[in-house]
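Examination of the molecular architecture
Here is what each chain is made of, one letter per residue.
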Amino acid sequence: MEWTTIIPAVITLIVGLAVGVPVGIARRKSIAEREIGSAEEEAKRLINDAIKGAESKKREALVEAKEEILKARNEYEREVKERRSDLQKQERRLQQKEENIDRKTENIEKKEEALQGKLDELEKTRNEVSQLKKAELDLLEKISGFTVEEAKKYLIDQLETEVTHEAALKLKEIESHYKEEADNYAREIISLAIQRCAADHVAEATVSVVSLPNDEMKGRIIGREGRNIRTLETMTGVDLIIDDTPEAITVSCFDPVRREIARLALEKLIQDGRIHPARIEEMVEKAKREVDATIKAEGERAVFETNVHGLHPELVKLLGRMKYRTSYGQNVLNHSIEVAHVAGLLAAELGADITLAKRAGLLHDLGKAIDHEVEGSHVALGVELARKYRESEEVIHAIEAHHNDVEPRTIIACLVQAADAISAARPGARRENLENYIKRLEKLEEVTSSFPGVEKTFAIQAGREVRVMVRPDQVNEDQMVLLARDIVKKIEDELEYPGQIKVHLLRETKVIEYAK
């Protein structure tokens, strides 16, 4: 029952499927064909629209291209016109320049012709002048009796005389002007400095003399078989000169400090009255201590008086030793103090460093404290000591340059040099022995007599002035000015002297006639 029912149902289904599938396929095919047809129509429509749009844009592009071409053509034509106009202007300008050049060339040619004519005339005139000059020279030679060379020599001699005269007058005028100004200024500065510096003008003796209460004391000082005097001379290093001088003994020694120690010890022995070797040794030691104390005190006094601070203690002692040192009879310590004061005052007048000037002035003769013990000049020794105790380069240079051992490079060195000359050259500052004095005067007269035309020379005023008598037939008035300068220069180069020397030239003309 069941199988009979199922089988017809299956069959029915298969038949239905067999009939329905072809029908569906046919329907779908017809639908697809309709859609393809509509799509083709749409495609044709789009293609036609695109073709129409492209043609429209093509026409527009052609129109725009034609417009651009037209615009570019117009611009090009305008530029061509402008360039053509500029070229025409330049052509006209060049043509004008060529015309101007032609005119100038023509004018130059005319001027050249005129100049050539003038040159020809000038050459002709020159020849005429040469002939006239030759004729005149021949005529002048006949009239004057001089040849051309003789006339030239005569004119040159006359011109040389005139030039010498003019040069002498000008030189004298310039020298007088500047000398007056320099003398006034220097005199003012130096006078102010000297007025403000009071110094003792008394020269000290260089030999120590000990006074005795009586002549009997000489024998006691000599002692038995000379033992006392030998002990004293051995311990102090001096020579005791006991001669016929009444009630006096001379102490001689190259070392001023040892001489002072011997003098003090001898005075103490004379006062004590007990003179024997042991007592002599005791008094000598005591005198040494007193001299050392005096040296220190004198160095401190010099520092205090000059207001120079910060010196090394050994330099202070060396300054104190200069109390017993003299130069040409002048006490070196007092001279150094005086130089410090004068240098400081000069520095104040000139606006320089006063403290540095005083320091350099106080130490400028430092080497004289030991120059009797060590080999070398006092300048070299002073420089060595200043470097040893670390003085400044300005002070060292001033010490080195104060006697022109080196050229002064600073104003302080020049001030110390000037102050040293002022202190040494003032009246009464120094003295020299007769032999040196005479030699200096003879040398001065010898130097001034060595010039041609000088007849006699006389050194006067202790060598501070020299009078020169010249031959009037060999030296005229103008040549005297030049001769005086030459003499002064030679004196400065060859002589050493304090202060200055006045050169006085005299020319005397005498005319003698006899009445018969």
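In case you missed it, the structure is sitting above this.
Report follows, based on the coordinates. Within each chain, residue numbers correspond to sequence positions counted from 1 in written order. With pLDDT at 70 or above as the cut-off, local features in this predicted model cover only qualifying residues; side-chain atom pairs require 80 or more to be listed or tallied, and sums for whole chains, interfaces and linings still use all residues. Side-chain measures were taken over the full set of non-hydrogen atoms in the model, leaving aside hydrogen atoms and water.

1. Digging into the overall build of the protein chain
Strands here are runs of E lasting at least two residues and helices are runs of H or I lasting at least four, both read from the DSSP assignment and numbered beginning at the N terminus. Along the backbone of the protein chain there are 14 helices and eight strands. Each residue gets one of three labels from its accessible area relative to the maximum for its type: buried under 20%, exposed over 50%, partly exposed in between, using a 1.4 Å probe on protein chains only. Per-residue burial for the protein chain yields a buried fraction of 29% across its 516 residues. Excluding contacts between residues fewer than 6 apart, the proportion of contacts in the protein chain whose partners are at least 24 apart in sequence is 62%. Contacts were defined at the residue level, with two residues in contact if any of their heavy atoms lie within 4.5 Å.

2. Here we look at the packing of helix H9 (residues 354-363) against helix H11 (residues 393-401)
One can describe the packing of H9 onto H11 by two numbers: an axis separation of 9 Å at closest approach and a directional angle of 45 degrees. Of the possible angle classes, the one that applies to H9 and H11 is oblique. With respect to the hand of their crossing, H9 and H11 are arranged in right-handed fashion. Seen from H9, the contacting residues are Leu356, Arg359, Ala360 and Leu363; seen from H11, they are Glu394, Val395, Ala398 and Ile399. Per-class residue counts for the contact of H9 with H11 are six nonpolar, no polar and two charged. To get an axis, a line is fitted to the C-alpha atoms, and for a helix only the part in contact is used. The angle between two axes follows their N-to-C directions and goes from 0 to 180 degrees. When an angle is under 35 degrees it counts as roughly parallel; over 145 it counts as roughly antiparallel; between 65 and 115 it counts as roughly perpendicular; any other value is oblique. Put simply, a crossing is left-handed when the front helix is turned counterclockwise from the back one by less than a right angle, and right-handed when it is turned clockwise. Residue type decides the class: Asp, Glu, Lys and Arg count as charged, Ala, Val, Leu, Ile, Met, Phe, Trp, Tyr, Cys and Pro as nonpolar, and the leftover types, Gly among them, as polar.

3. Notes on the side chain of Thr457
For Thr457, the location among the structural elements is in strand E6 (residues 454-460). Pairs of N or O atoms are called polar contacts if they sit within 3.5 Å, as long as, within protein, a hydrogen donor faces a hydrogen acceptor (for residues adjacent in sequence, only side-chain-to-side-chain pairs). Looking at Thr457, its side chain comes within polar contact range of the main-chain oxygen of Glu445, at 3.3 Å. Side-chain polar atoms of Thr457 contact the side chain of Ser449, separated by 2.8 Å.

4. Looking at the packing of aromatic side chains
Pairs were defined over the aromatic rings of Phe, Tyr and Trp, the Trp ring being its six-membered one, requiring ring centres within 6.5 Å. Orientation was assigned from the angle between planes: stacked under 30 degrees, edge-to-face over 60, tilted for the rest. One pass over the structure, following the stated rule, counts zero aromatic pairs. Two conditions define a charge sitting above a ring: the NZ of Lys or the CZ of Arg must be within 6 Å of the ring centre, and it must be within 35 degrees of the ring normal. The lysine or arginine in question, Lys490, covers the ring of Phe451, its NZ or CZ lying 5.4 Å from the ring centre.

5. Here's the deal with the environment of Val470
Along the chain, Val470 falls in strand E7 (residues 465-470). Once residues lying within four places of it in the same chain are set aside, the contact partners of Val470 are Gly453, Val454, Glu455, Val475, Leu483, Leu505, Leu506 and Arg507.

6. Quick look at the sheet that holds strand E3 (residues 248-252)
Spatially, the three strands line up as an open sheet ordered E1-E3-E2, and their pairing is antiparallel. Here the strands that pair on one side only, and so sit at the sheet edges, are strand E1 (208-211) and strand E2 (239-241). Adjacent strand axes in the sheet meet at a mean angle of 30 degrees, parallel and antiparallel pairs treated alike. Two elements, E2 and E3, share three bridges in a ladder whose sense is antiparallel. Of the residues in E3, the one forming a bridge with Leu240 is Val251. Here helix H5 (residues 256-272) sits on the sheet in contact with E1, E2 and E3, set at roughly 0 degrees to E1. Here a strand pair is declared whenever DSSP counts at least two bridges between the two strands.

7. Re the pairing of E7
Relative to E7, E6 runs antiparallel, the two being bridged by six bridges. Among the inter-strand pairings, Ile460 is bridged to a residue of E7, identified as Glu465. In sequence, E6 turns back onto E7 through a hairpin of four residues, with Gln461 there showing a positive phi of about 55 degrees. Examined bridge by bridge, E7 and strand E8 (residues 502-507) share six bridges and lie parallel to one another. The residue bridging Val466 from the neighbouring strand is Val503, located in E8.

8. Focus on a negative patch on the surface
Together, Glu60, Glu64, Glu67 and Glu68 make up a region of like negative charge exposed at the surface. With respect to the helices and strands, the residue Glu67 is situated in helix H1 (residues 2-144). Classification of Glu67 by relative accessible area gives exposed; the value is 51%. Candidate patch residues must exceed 30% relative accessible area and have no salt bridge, after which like charges are joined if within 9 Å and Val, Leu, Ile, Met, Phe, Trp or Tyr side chains if within 5 Å. The method behind every accessible area is Shrake-Rupley, applied with a 1.4 Å probe, and residues are considered shielded solely by the protein chains displayed. A pairing counts as a salt bridge when a side-chain nitrogen of Lys or Arg comes within 4 Å of a carboxyl oxygen of Asp or Glu. When charges are counted, Lys and Arg are positive and Asp and Glu negative, with His and the chain ends excluded. Think of each charge as sitting on NZ of Lys, CZ of Arg, CG of Asp or CD of Glu.

9. Brief notes about the nonpolar core
Residues grouped as a nonpolar core are buried Ala, Val, Leu, Ile, Met, Phe, Trp, Tyr and Cys residues, joined through side-chain atoms within 4.5 Å. Counting 44 residues, the largest nonpolar core has Leu311, Leu318, Leu319, Leu362, Leu363, Leu366 and Ile412 as the members making the most contacts within it. For this core, the secondary structure elements donating two or more residues are helix H6 (277-306), helix H7 (313-321), helix H8 (332-350), H9, helix H10 (378-388), H11 and helix H12 (411-425). Looking at which element gives the most residues to this core, the answer is H8, with nine residues. Other than its neighbours up to four places away in sequence, Leu362 contacts Ala302, Thr306, Val308, Leu311, Leu319, Ser336, Ile337 and Ala340.

10. Considering the environment of Leu441
Inspection of the secondary structure assignment puts Leu441 in helix H13 (residues 434-449). Between the C-alpha atoms of Leu441 and Val466, which are 25 residues apart in sequence, the distance is 9.2 Å. Residues in contact with Leu441, not counting those within four places in the same chain, are Ala459, Ala462 and Gly463.

11. Section: a nonpolar patch on the surface
A cluster of nonpolar side chains, namely Tyr185, Leu350 and Ile411, defines an oily patch on the protein surface of about 290 Å² accessible area. Positionally, Tyr185 belongs in helix H2 (residues 148-195).

12. Focus on the sheet that holds E8
Read from one edge of the open sheet, three strands run E6-E7-E8, paired in mixed fashion. Where the open sheet ends on each side, the last strands, each with one partner, are E6 and E8. Along the sheet, successive strands turn relative to each other by an average axial angle of 20 degrees, direction set aside. With respect to the sheet, helix H14 (residues 477-494) is in contact with E6, E7 and E8, its orientation differing from that of E8 by roughly 150 degrees.

All quantities given are derived from atomic positions and should not be read as evidence of function.
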